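An overview of the molecular structure
These are the residues of each chain, in order.
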Protein chains: 2
Amino acid sequence: MALRTGDHSQAATNGLKEKVLTLDTMNPCVRKVEYAVRGPIVLRALELEQELRQGVKKPFTEVIRANIGDAQAMGQTPITFLRQVLALCVHPDLLNSPDFPDDAKRRAERILQACGGHSLGAYSISSGTQLIREDVARYIERRDGGIPADPNNIFLSTGASDAIVTLLKLLVAGEGRTRTGVLIPIPQYPLYSAALAELNAVQVDYYLDEERAWALDVAELRRALLQARDHCRPRALCIINPGNPTGQVQTRECIEAVIRFAFEEGLFLLADEVYQDNVYAEGSQFHSFKKVLTEMGPPYTARQELASFHSVSKGYMGECGFRGGYVEVVNMDAAVQQQMQKLRSVRLCPPTPGQVLLDVVVSPPAPSDPSFAQFQAERRAVLAELAAKAKLTEQVFNEAPGIRCNPVQGAMYSFPRVQLPPRAVQRAQELGLAPDMFFCLRLLEETGICVVPGSGFGQREGTYHFRMTILPPMEKLRPLLETLSQFHAKFTREYS
Amino acid sequence: MALRTGDHSQAATNGLKEKVLTLDTMNPCVRKVEYAVRGPIVLRALELEQELRQGVKKPFTEVIRANIGDAQAMGQTPITFLRQVLALCVHPDLLNSPDFPDDAKRRAERILQACGGHSLGAYSISSGTQLIREDVARYIERRDGGIPADPNNIFLSTGASDAIVTLLKLLVAGEGRTRTGVLIPIPQYPLYSAALAELNAVQVDYYLDEERAWALDVAELRRALLQARDHCRPRALCIINPGNPTGQVQTRECIEAVIRFAFEEGLFLLADEVYQDNVYAEGSQFHSFKKVLTEMGPPYTARQELASFHSVSKGYMGECGFRGGYVEVVNMDAAVQQQMQKLRSVRLCPPTPGQVLLDVVVSPPAPSDPSFAQFQAERRAVLAELAAKAKLTEQVFNEAPGIRCNPVQGAMYSFPRVQLPPRAVQRAQELGLAPDMFFCLRLLEETGICVVPGSGFGQREGTYHFRMTILPPMEKLRPLLETLSQFHAKFTREYS
C-alpha cells in the first residue's frame, strides 16, 4: 500500500507508517529516465503474448518483437565456433572429447591458461583478462590498417552499454550553468538519454538530416553547441556509426569534419561503433574514428580524446545475452584513466563468458585453421541475409503511400517516417499519447507487430517515425512489412 | 600529457590544448571513490607477479592473493553439475552426447525452452528469465520454511554488487542537510562506501563490537542514527550477514532487534546475505531477514521495506567470474518497483550464463536425480574444508602474540586485529600511509602474501586490522598463517 505525501496526515491518523521509498521520496533523476526500447509498448507486447498463451482470441497468432536488436531471439543460429570455444572453457572435461575441432580446443586452453585458477569461475582483473585485451588490440590494429592499439587502453565491459555509462560518469560535473552537456544525435539510441537523465547531465540534441539519408551535418552540430553554451558546459559529443536507429553509415569526409569540430570546440568524442560489422549498402564502408583521427595527423592524432565502443551483441554473432563488449580510449589523460580503472574495479570484472566470446570475435579462425571454412560460411550467410533484409525493408516501405524509408546502409534497423492524419494526431492527444505511440499501440493490438515509436528516439517536431529491426527471418519479414504497410493505409483511411 | 588548470595560460602560450577530461574537470564524486579490495596493494601484487615472471629475485617464489574472495582462483574446483548444465546450454549440440547425465540435459532443455529463440544469446527480460525467477522464489520459500516468495519481487542481477547499487540509486535524493544517509557497518565491504561516494550520498558509520565477536548492537545503531540526523536524512540501513570482512553470523534476536529499530526509525533495510551458505561455527545458523521479518508478524510483516541480496560468487560454488546474483524486494512501494524495473531495463539484461548457474544453485539436484550423490559430495567437501580453514585461521592467529582474531563463524575472511608498535605507526605517518597499509605493504614485499589493510574497510581509530581470505588450499594455508604471524613478530621487533 503506497501512501503519497499528500496522504501523510491521513496515514498518521490511521496509525499507518508511510513507506520510506515512494515516488515522492525516490531519486528524482531515476524518475526522469526513459527507455523506449523496453518501454510501455513492450510491456503490452508481453501481456499480449500471455493472453495468446491463455487462449484469448486475437486478430493475430503471434507477437513479433521487432522492437529490439536481438538476432537470436528472432531465430538466428549462433556461430558454431564461438559456442564450441565457450563450451570448452565452461566445462574443460570436453577438451578430451573427439566432437570438438582442434582449433577450438587450442583456443579454449589458451584462454583458460590466462584465467585465475584456469577457470572462468575466477574473477578476471577489472579491465578484463590481459590476454583478451591483447587480442582486442591486435584486432583493432588489423581493422585500422596497422595503426597501433595498446591493450592498456582497452577495458572489457558488460556489453557496450556498461562502458558507455562509465565514460559518461567520468564526464559529468558541475551544477546549474556549468553542468556537463553531452551532444547526442536525434534520433538517438535511448541509452544515451537515459544515462544522461540518471546522471543529471544535460542532453544536447543535434539533428541528423533525414532528407540526406540521416547524414550528420557539422553546421547543425555547431548550432546545437552554441545554443547549449547558454545553459550548460558541453564537454562531449556522441556519434553512433553505423547509426541506431537511423541505419546511416558515415563517410570518411563526415568523420573528418566531426573530428575537426570536436577538436576546435574542446569536446571528448564518444564513438558508438557497435555496428561496425553491419554495413550493407554498396559504396558504404565503415571507418573507425580512431583510424581517421590517426590518419589526420597532428594536432588531432596526439590530442583529440576519444572513446570507441564495441560489443558481441550485434555484428554477425548477435550474442546479446552474454553481455560482452569493450571500450578503447585514445588520448585519455593518464590520471583520469587510473580513475576509470578504479571505478571499474568496484564492480570487480565483466562476465567471463562474454570475454571469451569477444576473444573469438576479435580473433576468428585463420585460413589454416580447421574451423575456418565453416566459420566463414556461417558469418557470410548471416551478413548476406541481413543485407538482403535491409534492401527488402527499404523497398517494401517505399512502395507504401505515406511511408518513406531511408536506405538501411548499416546496423539492424529501419526508421521509416510515417504520415499520420491530423485526426489521428488529435485523437492521440486526447488520449495523452504521442501520435506515433498511438499508431504503434494500435499496430500492436491489431497485428501483433511490436515496433518502437520514433518519439522514444527523438525526431523533428511534427514528424512521426517508428523503429523496426530488420532481423525477422526472411520468410516472415516480407509479410510483416506488407502487413505493416497495409495497417498504415487502413489507419490513414480510418482517421481521414 | 595532462595539463592542470594552473597551467592553462602556459598551455595557451605553447599553442597546446588542455585535455577536456582531467582530474580537475572530471566527476568529483568518482574521484572520491575508494575500493581497497582491488586498491594499491593489489596493483603492487600484480607488479610483483610480473617481476617474478621476469626472473627478478624475491624473498618468495609466488604471490598469494588472499585479498579477495575468489575461491576458484585459489584452486577450488567448480561443481561439476553446474558446469555441465551451463555447457549444455551454451552448446546445445551436446544434448546428444552420452557424456552428460540425463538430469543435466533435462535441466538445460528446460532453461533453453525459457530463453528467447531457445538460446542464451538472446536477451532475457530485464529482471531475468521468468522461469529462473520462479525457481529463485521456490528456493527462498524452502529456505524460509514455506514463507511465500513472489517471482515478481525478484530481480536477477550482474552479481550482487549490481543489485546493491541499483537499490542505493533508488534511495538517493536530497541536497545539503536533506541528502540521503545510509547506515553501513564498520568494518564494511567497501562496495558500500564506494557506491555511496559515487552517488553523493552520506555514509553513516555504525561500529560492530569487536569485543563481542563483531556483534551488531542496536544502541550503537541508535547513536549513529541520531548523530547523522544533524547533517543528513538517514533512509536506509545496510547489514552484512554473515559478515564481510568480519565473519560474524547474527543471532535471530539481533536480527529481530534490528528490524524493530529499522521499523521505528523509518529505515529501508538492505540485507547483504551473499554468504548465506557459508556458516561454519557450531551454534551459528543463518536466519534470513525476510524470514525473521515475516515471523515477527504485524506491523513488521506487511510494512517493513527490505531488499535481500544473493550471489553465485560465494557459497560452495564460488562462480565469481559469471556475475550472477539476485535481489528480492519485500514491501516495496509498487510504483517504485516499476521505476526499478524501468531503470534495470536500460541495461537490457543480466548475463545469461550467470542466470543459468543461479538457476542450478537455487534448484540443485534432488535425491532421485542421477547427479545428486556427486553434487552433494562436492558441495559438502567444499563447505567442510572451508569450515576447517576458518577454524585453523582463528587458531593460528590467536597463538601469535600481538594478533587477535575473532571466530570466523561464517563468510570467507578473517579480520584479525594486529598491534603495531608506535614507531611503526610513526614511520607510516612519515610515509603518508595508514599504519596498517604500511604493515600490509611490507608483508607483501617480504613474503608475497597479499592481504587488505583494515583501513580499507573501516575500523575504530587507533586499531589496526587486515582482511585475509580463508580460501588458500589447506596445504598452503597453515604455512601462510605461520609466515604471516612470524612476519608480524619480526616487524614488531624491528620497530620496538
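Conventions and cut-offs
Residues numbered from 1 in each chain as written. Chains lettered and ligands numbered in written order. Predicted model: local features only at pLDDT ≥ 70, side-chain atom pairs only at ≥ 80, totals over all residues. Heavy atoms only, no water. Helix = DSSP H or I, 4+ residues; strand = E, 2+ residues; numbered from the N terminus. Rg over C-alpha atoms; globule rule 2.2 N^0.38 Å. Buried < 20%, exposed > 50% of the residue type's maximum accessible area, 1.4 Å probe, protein only. Contact = heavy atoms within 4.5 Å. Areas by Shrake-Rupley, 256 points an atom, 1.4 Å probe, with all protein chains shown as cover. Disulfide = S-S within 2.5 Å. Least-squares fit on C-alpha atoms with pLDDT ≥ 70 in both. Phe/Tyr/Trp six-rings, centres within 6.5 Å; stacked < 30°, edge-to-face > 60°. Lys NZ or Arg CZ within 6 Å of the ring centre and 35° of its normal. Salt bridge = Lys/Arg side-chain N within 4 Å of Asp/Glu carboxyl O. Expected span 1.5 Å × (residues − 1). Polar contact = N/O pair within 3.5 Å; in protein donor to acceptor, adjacent residues only side chain to side chain. UniProt positions renumbered as here; feature names shortened; annotations may be inferred. Pairing = 2+ DSSP bridges. Axes fitted to C-alpha atoms, helices over the stretch in contact; angles between N-to-C directions. Parallel < 35°, antiparallel > 145°, perpendicular 65-115°, else oblique. Left-handed = near helix turned anticlockwise from the far one by under 90°.

This part is about the overall build of chain A. Check the secondary structure of chain A and you find 18 helices and 14 strands. Whereas a compact globule of 496 residues would reach a radius of gyration of roughly 23 Å, chain A reaches 24 Å, a difference of no more than 12%. Taken over the C-alpha atoms alone, chain A extends approximately 65 × 60 × 55 Å along its principal axes. Counting across all 496 residues of chain A, residues that qualify as buried make up 64%. Here the analysis covers contacts within chain A between residues at least 6 apart in sequence; of these, 71% occur between residues at least 24 apart. Carbon and sulfur atoms make up 50% of the accessible area of chain A, which amounts to about 18,000 Å² in all.

On to the state of the cysteines, then. All names here are of chain A. Using the criterion set out here, one finds 0 disulfides over all chains in the structure. You can see Cys 450 has no disulfide; the closest cysteine sulfur is in Cys 440, sitting 8.5 Å from it. Here Cys 450 falls in the buried class, since its relative accessible area comes to 0%.

Further remarks concern the relation of the copies chain A and chain B. Each copy superposes on the other: chain A lies on chain B with an RMSD of 0.0 Å after a rotation of 180 degrees and an axial shift of 0.0 Å. On the angle and the small slide along the axis, the relation comes out as a two-fold axis. Minimal C-alpha separation from the rotation axis in chain A is found for Ala 87 of chain A, amounting to 2.4 Å. An overlap of 100% is found between the interface residues of chain A and their copies at the interface of chain B, pointing to a shared contact surface.

In this section: the packing of aromatic side chains. All names here are of chain A. The tally for this structure, following the rule as stated, stands at 28 aromatic pairs over all chains. Ring plane angle 80 degrees and centroid distance 6.4 Å describe the contact between Phe 81 and Phe 375, whose orientation is recorded as edge-to-face. Taken together, the positions of Phe 81 in helix 4 (residues 80-90) and Phe 375 in helix 15 (residues 372-399) put the pair 294 residues apart, joining distant regions of the chain. When its relative accessible area of 3% is taken as the criterion, Phe 81 is described as buried. An aromatic cluster of three or more residues is present, and its members are Phe 397, Phe 438, Phe 439, Phe 466, Phe 487, Phe 491 and Tyr 495. Across the ring face of Tyr 316, the terminal group of Arg 379 is positioned such that the distance to the ring centre comes to 4.9 Å. In this structure, Arg 460 packs its charged tip against the face of Tyr 207, placed 4.4 Å from the ring centre.

Before going further, it helps to spend a moment on the pattern of salt bridges. Proximity of charged atoms lets side chains of opposite charge pair with each other. Within the structure shown, the criterion is met by 64 salt bridges over all chains. A salt bridge links Asp 209 of chain A to Arg 212 of chain A; the shortest N-O distance between them is 3.1 Å. Of the residues examined, Arg 212 of chain A reaches a relative accessible area of 46% and is grouped as partly exposed. Salt-bridge contacts for Lys 389 of chain B lead to Glu 385 of chain B; the nearest nitrogen and oxygen are separated by 3.4 Å. Here Glu 385 of chain B and Lys 389 of chain B lie together in helix 15 (residues 372-399), a separation of 4 residues that amounts to about one turn.

In this model helix 13 (residues 334-345) of chain A runs 17 Å from its N-terminal to its C-terminal C-alpha over 12 residues, within 8% of the 16 Å that 1.5 Å per residue would give. Every buried residue of helix 13 of chain A is accounted for by Val 336, Gln 337, Gln 339, Met 340, Lys 342, Leu 343, Arg 344 and Ser 345 of chain A. Contacts made by the buried residues of helix 13 of chain A are with strand 2 (154-158), helix 7 (159-171) and strand 8 (324-330) of chain A together with helix 2 (28-32) and helix 8 (191-198) of chain B. Near the N-terminus of helix 13 of chain A, the side chain that reaches the backbone nitrogen of Ala 335 of chain A, with its oxygen 3.0 Å away, is that of Asp 333 of chain A.

Moving on, we get to the UniProt feature "domain: Aminotransferase class I/classII large" (unreviewed entry) in chain A. In this structure's numbering, the residues bearing the UniProt feature "domain: Aminotransferase class I/classII large" (unreviewed entry) are residues 108-483 of chain A. Span residues 108-483 of chain A is 43% helix and 15% strand, its end C-alpha atoms 46 Å apart.

A separate point is helix 8 (residues 191-198) of chain A. All names here are of chain A. Judged by how many residues are buried, helix 8 sits mostly within the fold: 7 of 8 residues are covered. Buried residues of helix 8: Leu 191, Tyr 192, Ser 193, Ala 194, Ala 195, Leu 196 and Ala 197, and no others. Positive phi shows up at Asn 200, right after helix 8, with a value of about 60 degrees.

The next thing to look at is the sheet that holds strand 7 (residues 306-311) of chain B. All names here are of chain B. On the basis of which strands lie adjacent, the open sheet formed by 7 strands has the order 2-8-7-6-5-3-4 and mixed pairing. Two strands bound the open sheet, and with one partner strand each, they are strand 2 (154-157) and strand 4 (202-207). In this sheet, neighbouring strand axes are inclined to one another by 25 degrees on average, regardless of whether the strands run parallel or antiparallel. In the sheet, strand 2 pairs with strand 8 (residues 325-330) via 4 bridges, with the strands oriented antiparallel. Along strand 8, the bridge assignment pairs Ser 157 with Gly 325. Contacts between helix 9 (residues 218-228) and the sheet are confined to strand 3 (180-186), strand 4 and strand 5 (233-240), with strand 4 contributing the most and set at about 150 degrees to the helix.

Before going further, it helps to spend a moment on the side chain of Thr 463 of chain A. Mapped onto the fold, Thr 463 of chain A is located in the loop between strand 13 (452-453) and strand 14 (466-469). Among the polar contacts made by the side chain of Thr 463 of chain A, one reaches the main-chain carbonyl oxygen of Arg 460 of chain A at a distance of 2.7 Å.

In this section: the packing of helix 6 (residues 130-143) of chain B against helix 14 (residues 352-362) of chain B. Any two packed helices are characterised by how steeply their axes cross, that is the angle between the axes, and by the distance between the axes. Residue and element names in this part refer to chain B. As a packed pair, helix 6 and helix 14 sit with axes 9 Å apart at the nearest point and diverge in direction by 30 degrees. Here helix 6 lies roughly parallel to helix 14, going by the angle between them. For the pair helix 6 and helix 14, the sense of crossing is left-handed. For the pair formed by helix 6 and helix 14, the contact residues are Ile 132, Asp 135, Val 136, Tyr 139 and Arg 142 on the first element and Gln 355, Val 356, Leu 358, Asp 359 and Val 362 on the second.

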